[in-house]
Amino acid sequence: THPELFKEYNIKPSKGVLLFGPPGCGKTFLAKVVANEAKAHFLHINGPELLQQFIGKTEAKLQDLFNRARENAPCILFFDEIDAIAGARGTERESGTKILTQFLTEMDGIEELKGVIIVAATNRPDMLDPALMRPGRLDRILYVPPPDHLARLALFKKELTGKPLTTDIKYKQLADMTEGYSAADITAICNAVAMAAAKDTLKTGRRRRVTMKRLQYFIERTPRSITKEQLAIYEVLRDKLQR
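Below: a short report on this structure. Along each chain, residue indices are assigned from 1 in the same order as the chain's sequence is written. The predicted nature of this model means local features are confined to residues of pLDDT at least 70 and side-chain atom pairs, given and counted, to a pLDDT of 80 or more, with totals for whole chains, interfaces and linings taken over all residues. With hydrogens and water excluded, all non-hydrogen atoms of the structure serve as input to the side-chain values.

Glancing now at the overall build of the protein chain. Summing up its helical and strand segments, the protein chain has 10 helices and 5 strands in all. With the C-alpha coordinates of the protein chain rotated into their principal frame, the extents come out at 65 × 45 × 35 Å. Classification of residues uses two cut-offs on accessible area relative to the type maximum, computed with a 1.4 Å probe and protein chains only: under 20% is buried, over 50% is exposed, and between them is partly exposed. Counting every position in the protein chain, which comprises 243 residues, the buried fraction comes to 37%. Only heavy atoms matter for contacts: two residues are in contact if any of them lie within 4.5 Å across the pair. Of the contacts formed within the protein chain by residues at least 6 apart in sequence, a portion of 78% connects residues at least 24 apart. Of the roughly 14400 Å² of accessible surface on the protein chain, a fraction of 55% belongs to carbon and sulfur atoms. Positive charge is attributed to Lys and Arg, negative charge to Asp and Glu, and no charge count is given to His or to the chain ends. Lys charges are placed at NZ, Arg charges at CZ, Asp charges at CG and Glu charges at CD. Taken together, the 38 basic and 30 acidic charged side chains of the protein chain have centroids lying 7 Å from each other. For helices the rule is a DSSP run of H or I covering at least 4 residues; for strands it is a run of E covering at least 2, with both sets numbered from the N terminus onward. Where accessible areas are quoted, they stem from the Shrake-Rupley method and a 1.4 Å probe; at the residue level, only the protein chains shown are allowed to cover.

Set out below in structure tokens:
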């Protein structure tokens, strides 16, 4: 957003950022928000969708994506589930190594990535090839944790907005009850409660509202998608990788 400062101070722009953390915690959403705030073109690529059956097709598709990003600069090129195409060499079949090599070539190639930032997301940063994560490529590695209390409070307010509610909804209590839940868990709970109220309305012919009691009921019966053991592993990775 401020290229003149980079030029004045002779700063080499970062090529990429890796977002890692448990599933459902907003890595993709965060990338979209960044693109919107930076007023940049946004290209979203799901790693597994890039994989093609025929040899050489995936590499050609990657090359085309990077060319499109250069043509649409300023651009954020977002790779979701990056581990599908950038696993550590020696652990995948030969075609996987070729795909990773093509990816690194596009990042470091003769045609400079001017005005293009790569943002990648993964649930498994330990599976990525170290060459991709060295400085000069994915320079910044950031942990995206499950939502904290304030974030859960905001999520409930956002997800329940526009739904017919009773007056007894206690957002702080809902946030207290959902410690360790992912953003996706909270979204699913709010949607399930609204669906149940809609079904009751259809069945009884009387308009039913979303109640605090029913929200508590669904929270108690919705298990956390992230266990404490999984979270502990991610926190170890955070201490090891984040920079």
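This part is about the nonpolar core. Counting 34 residues, the largest nonpolar core has Phe66, Leu77, Phe79, Ile82, Phe103 and Ile118 as the members making the most contacts within it. Looking at this core, the elements that each hand over two or more residues are strand S1 (16-20), strand S2 (41-46), helix H4 (57-71), strand S3 (75-80), helix H5 (94-108), strand S4 (116-122), strand S5 (138-143) and helix H10 (228-241). The residues contacting Phe103, other than those within four sequence positions of it, are Leu62, Phe66, Phe79, Ile82, Ile85, Ile118 and Leu132. In this text, buried Ala, Val, Leu, Ile, Met, Phe, Trp, Tyr and Cys residues form a nonpolar core when linked through side-chain atoms within 4.5 Å. One finds Ile169, Leu174, Ala197 and Val210 within the second-largest nonpolar core, a separate group that totals 16 residues.

Another point: the pairing of S3. The buried fraction of S3 is high, at 6 of 6 residues. Relative to S3, S2 is paired through 6 bridges, and the arrangement is parallel. The partner of Leu43 across the bridge, within S3, is Leu77. Where S3 and S4 come together, 5 bridges link them in parallel fashion. From the neighbouring strand, Ile76 faces S4, where its bridge partner is Ile117. We call two strands paired when DSSP finds no fewer than two bridges between them.

For the rest of this paragraph, the subject is the pattern of salt bridges. If the charged atoms of two oppositely charged side chains come close together, the side chains can form a pair. The term salt bridge refers to a pairing of a side-chain nitrogen on Lys or Arg with a carboxyl oxygen on Asp or Glu at a separation within 4 Å. Enumeration over the complete set of coordinates arrives at 10 salt bridges. Close ionic contact of Asp108 with Lys15 constitutes a salt bridge, the shortest N to O distance being 3.1 Å. In this pair, Asp108 is assigned in helix H5 and Lys15 in the loop between helix H1 (3-8) and S1, connecting sequence segments 93 residues apart. Residue classification places Asp108 among the partly exposed positions, given a relative accessible area of 32%. Lys172 is paired through a salt bridge with Asp176; the nearest N and O atoms lie 3.3 Å apart. With Lys172 and Asp176 both in helix H7 (residues 171-177) and 4 residues apart, this pair spans about one turn of that helix. Because the salt bridges share partners, they merge into one network encompassing Lys15, Asp108, Arg134 and Arg137.

Right, let's get into the side chain of Asp80. Topologically, Asp80 is positioned in strand S3. Buried and unpaired, Asp80 has no salt bridge, with Lys27 as the nearest side chain of opposite charge at 6.6 Å. Apart from the residues lying within four places of it in its own chain, the contact partners of Asp80 are Thr28, His44, Ile45, Asn46, Gly47, Pro48 and Ala121.

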